[in-house]
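Chain by chain, the residues run as shown.
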Amino acid sequence: MSRIEGFAPAKINLTLHVTGQRADGYHLLDSLVTFAPVGDRLSVAPADELSLGVTGPEAAGVPEDGSNLVLRAARLLAEKQDIRRGARITLEKCLPAASGIGGGSSDAAAALRLLARLWGLDPLPPPQSFAPLGADVPMCLAPVPQRVGGIGEELRPVTLPPLPALLVNPRIEVATPAVFRALASKTNPPMPDSLPAFAGAGECIDWLAAQRNDLQAPAIALAPVIAELLARLGALPGCRLARMSGSGATCFALFETPVAAEAAAERFRATYPGWWIASGTLGDQTQKAQPASRA
Ligand SMILES: C[C@](O)(CO)[C@H](O)COP(=O)(O)OP(=O)(O)OC[C@H]1O[C@@H](n2ccc(N)nc2=O)[C@H](O)[C@@H]1O
Ligand SMILES: Nc1ncnc2c1ncn2[C@@H]1O[C@H](COP(=O)(O)OP(=O)(O)OP(=O)(O)O)[C@@H](O)[C@H]1O
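Note that the coordinates shown come from a computational prediction; the quantities given were computed from them, not determined experimentally. Within each chain, residues carry numbers counting from 1 in the order of the written sequence. Each chain gets a letter, beginning with A, and each ligand a number, beginning with 1, in the order they are written. Since the coordinates come from a predicted model, pLDDT governs what is reported: local features require at least 70, and pairs of side-chain atoms require 80 or more to be given and counted, while whole-chain, interface and lining totals use all residues. No hydrogens and no water enter the side-chain calculation; it runs on all heavy atoms of the structure.

Q: Would you explain the sheet that holds strand β9 (residues 251-254) in this entry?
A: Backbone hydrogen bonds are what pair the strands of a sheet, in a parallel or an antiparallel way. Strands are treated as partners if at least two bridges between them are detected by DSSP. For helices the rule is a DSSP run of H or I covering at least 4 residues; for strands it is a run of E covering at least 2, with both sets numbered from the N terminus onward. One open sheet holds the four strands; their spatial order is β8-β9-β7-β10, and the pairing between them is antiparallel. Since the sheet does not close on itself, it has two edges, and those belong to β8 (241-244) and β10 (276-282), each with one partner. Looking at each pair of strands side by side, their axes are set apart by 20 degrees on average, direction ignored. As judged from the four bridges shared by strand β7 (residues 163-169) and β9, these two strands associate in the antiparallel manner. Each bridged residue has a counterpart across the sheet, and for V168 the counterpart in β9 is C251. Lines fitted to the C-alpha atoms define the axes, with helices restricted to the stretch that makes contact. Angles between their N-to-C directions range from 0 to 180 degrees.

Q: What exactly am I supposed to notice about the UniProt feature "active site" (unreviewed entry) in the protein chain here?
A: UniProt positions are given in the numbering used here, feature names are shortened, and annotations may be inferred rather than shown by experiment. Residues given the UniProt feature "active site" (unreviewed entry) here are K11 and D136. Spanning 126 residues, the annotated positions come together in the fold, the maximum distance between their C-alpha atoms being 8.8 Å. Of note, K11 is situated in strand β1 (residues 3-21). Type-normalised accessible area, obtained with a 1.4 Å probe on protein chains alone, sets the label of each residue: buried when under 20%, exposed when over 50%, and partly exposed for intermediate values. Using a relative accessible area of 2% as the deciding quantity, one classes K11 as buried.

Q: Could you clarify how one ought to interpret the domain arrangement of the protein chain in this entry?
A: Where a domain begins and ends is set by an automatic assignment or by a domain database. Split by domain assignment, the protein chain resolves into domain 1 (3-156) and domain 2 (160-282). The gap between the C-alpha centroids of domain 1 and domain 2 is 22 Å. On the domain 2 side, the residues contacting the 32 residues of domain 1 number 42 residues. Accessible surface is computed with a 1.4 Å probe, and the buried area is the amount of it that two parts give up when combined, taken over both parts together. Both sides together, the interface formed by domain 1 and domain 2 hides about 2,800 Å², and carbon and sulfur atoms give 63% of it. Counting the surface domain 1 buries against domain 2, the share from its top three residues, L14, H17 and V18, is 21%. In what follows, salt bridge is the name for a side-chain nitrogen of Lys or Arg lying within 4 Å of a carboxyl oxygen of Asp or Glu. At the boundary of domain 1 and domain 2, one finds one salt bridge. In this description, contact between two residues means that some pair of their heavy atoms is separated by no more than 4.5 Å.

Q: What is the right way to read the site of ligand 2 from this model?
A: The immediate surroundings of ligand 2 are formed by 20 residues, with L69, A98, G102, G104 and D136 found nearest. Polar contact criterion, stated in full: a pair of N or O atoms within 3.5 Å, where within protein one must be able to donate a hydrogen and the other to accept it, and residues adjacent in sequence count only if both atoms are side-chain atoms. Contact between ligand 2 and G100: an oxygen atom at 3.1 Å from a main-chain N or O atom of the residue. G104 has a polar backbone atom sitting 2.9 Å from an oxygen atom of ligand 2. In isolation ligand 2 has 610 Å² of accessible area, and contact with the protein removes 79% of it. Of the residues forming the shell around ligand 2, the biggest block, four residues, is contributed by helix α2 (residues 103-118). We call a residue near a molecule or strand when any one of its heavy atoms sits within 4 Å of it. Note on areas: Shrake-Rupley, 1.4 Å probe, and residue coverage restricted to the protein chains presented here.

Q: Is there a simple way to think about the site of ligand 1 in this case?
A: Taken together, 17 residues lie around ligand 1, and K11, H27, A135, D136 and I151 are the ones closest in. In this structure, D136 approaches ligand 1 through a side-chain N or O atom, which is 2.7 Å from an oxygen atom. In this structure, I151 approaches ligand 1 through a main-chain N or O atom, which is 3.1 Å from a nitrogen atom. In isolation ligand 1 has 640 Å² of accessible area, and contact with the protein removes 81% of it. Among the elements of the structure, β1, β2 (27-47) and α4 (176-181) are those that each provide at least two residues to the shell around ligand 1. Three categories are distinguished: nonpolar for Ala, Val, Leu, Ile, Met, Phe, Trp, Tyr, Cys and Pro, charged for Asp, Glu, Lys and Arg, and polar for the others, with Gly belonging to the last. Tallied by class, residues from the shell around ligand 1 come to eight nonpolar, seven polar and two charged.

Q: Please explain unusual backbone geometry as it appears in this structure.
A: Among all residues except glycine, the phi angle is most often negative; among peptide bonds, the trans geometry is most common. Here the residue pair D122 and P123 is connected by a cis peptide bond, since its omega of 0 degrees sits within 30 degrees of zero. The omega torsion of the bond from G248 to A249 falls at 5 degrees, within 30 degrees of zero and hence cis. The backbone of A98 shows a phi angle near 50 degrees, a positive value even though the residue is not glycine. Position of A98 among the secondary structure elements: in the loop between β4 (86-92) and α2.

Q: Just checking my understanding: could you explain the packing of aromatic side chains for this structure?
A: Where two aromatic rings form a pair, the distance of their centres and the angle of their planes describe that pair. A pair of Phe, Tyr and Trp rings is counted when the ring centres sit within 6.5 Å of each other, with Trp represented by its six-membered ring. The angle between the planes then sorts it: under 30 degrees is stacked, over 60 is edge-to-face, the rest tilted. Overall, the coordinates contain four aromatic pairs when judged by the stated rule. On the basis of an interplanar angle of 50 degrees and a centroid distance of 6.5 Å, the ring pair of F268 and W275 is categorised as tilted. An aromatic cluster is built from F268, Y272 and W275, whose rings are joined through pairwise contacts. Ring-over charges, as used throughout, are those where CZ of Arg or NZ of Lys falls within 6 Å of the ring centre and within 35 degrees of the ring normal. The ring of F7 is capped by K288, whose NZ or CZ atom sits 4.8 Å from the centre of that ring.

Q: Whenever I open this one, helix α7 (residues 225-234) confuses me. Can you help?
A: At 3.6 residues per turn, the α-helix brings residues three or four places apart onto the same side. Buried within α7 we find I226, L229, L230 and L233. Here the buried residues of α7 occupy an arc of 100 degrees about the axis, which is enough to place them on one side. On its buried face, α7 sits against β7, α6 (216-222), β8, β9 and α8 (258-271). Note that the arc is computed from the directions linking the helix axis to the C-beta atoms.

Q: Is there a simple way to think about the packing of helix α1 (residues 69-81) against α2 in this case?
A: Helix-helix packing: each pair is described by the crossing angle between the helix axes and the interaxial distance. Interhelical geometry of α1 versus α2 gives an angle of 40 degrees and a closest axis separation of 8 Å. As the angle between them shows, α1 and α2 are arranged oblique. The way α1 lies across α2 gives a crossing that is right-handed. Counted together, L69, V70, A73, A74 and L77 of α1 and G104, S105, D107, A108, A111, L112, L115 and A116 of α2 form the full contact between these two elements. Looking at side-chain class alone, the contact of α1 with α2 contains ten nonpolar, two polar and one charged residues. Working definition: roughly parallel below 35 degrees, roughly antiparallel above 145 degrees, roughly perpendicular at 65 to 115 degrees, and oblique for all remaining angles. When the near helix sits turned anticlockwise from the far one by under a right angle, the crossing is termed left-handed; a clockwise turn instead gives a right-handed crossing.

Here it is in structure tokens:
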């Protein structure tokens, strides 16, 4: 086998309810998660040792050493499965780092999918066994809409309509631990027990609008530009909901049609040339994330 390529889609927390805190400090979550058709690209090729090269428009500041989640994931998998081979891994960063859209976690998950193919491991160990890499890693292993509980390890796939979206990062980094620390109430109501069967994007967005991201207020307290960004997204023609993803600072705006989302992206690109801006339809990215062999 020569080279296998794969895709690490951005993770979007459509909702993020913080419902409690464990004795070890980690927070209990009730979050509706989906994935975007924008993301990082990875490849793996056979080699005796493990190595990683990072390229791409968002590579600056991303570690290339053993602290990169891709190498940490590869080492953990090799150790669990007693693999004595290595891999030459490349990572093309297109997602901004430390931005609430799970870039590192999705990279780790994509690396695990690719190495499972390269090393002939089928199936992978259960998603929960990769929780030591980070709370977001288990949910990124299958990039499908899901309701996430526990501290990120309880995964229940859900059915959502395709959601046309604009994603914007205003180029400020907010540290996840600092945002959780700044959260005033650690015990907030969960989402309703069951999700309605949505007839389309509009109905789903109406329901989402009644839910929350509990980390949005503390993130705004640390970085007030997030409130400005949300106001500007909310004022876009056709925008039905503007909210922050994860611990920020990336925010998303939801629309009823892909045309409206793309028009909003063009308008934002012209106004904020320095910001990271992407548009696409949120949903199941399994097919796009499928590892593919190259000669
Ligand atoms: C905010 C989310 O992105 C929502 O999906 C995740 O909860 C965070 O996922 P992540 O970045 O993979 O998180 P980790 O790398 O495991 O943890 C970073 C830090 O976030 C805090 N953390 C994370 C997850 C969680 N359920 N409770 C927490 O309190 C802890 O302070 C932890 O030290
Ligand atoms: N593959 C990677 N890509 C980006 N950052 C990485 C990677 N591996 C390790 N890191 C480190 O992890 C930190 C957090 O980056 P990441 O992009 O995963 O955060 P995030 O988008 O906030 O994730 P989450 O939504 O899971 O909180 C970065 O500051 C960087 O130093």
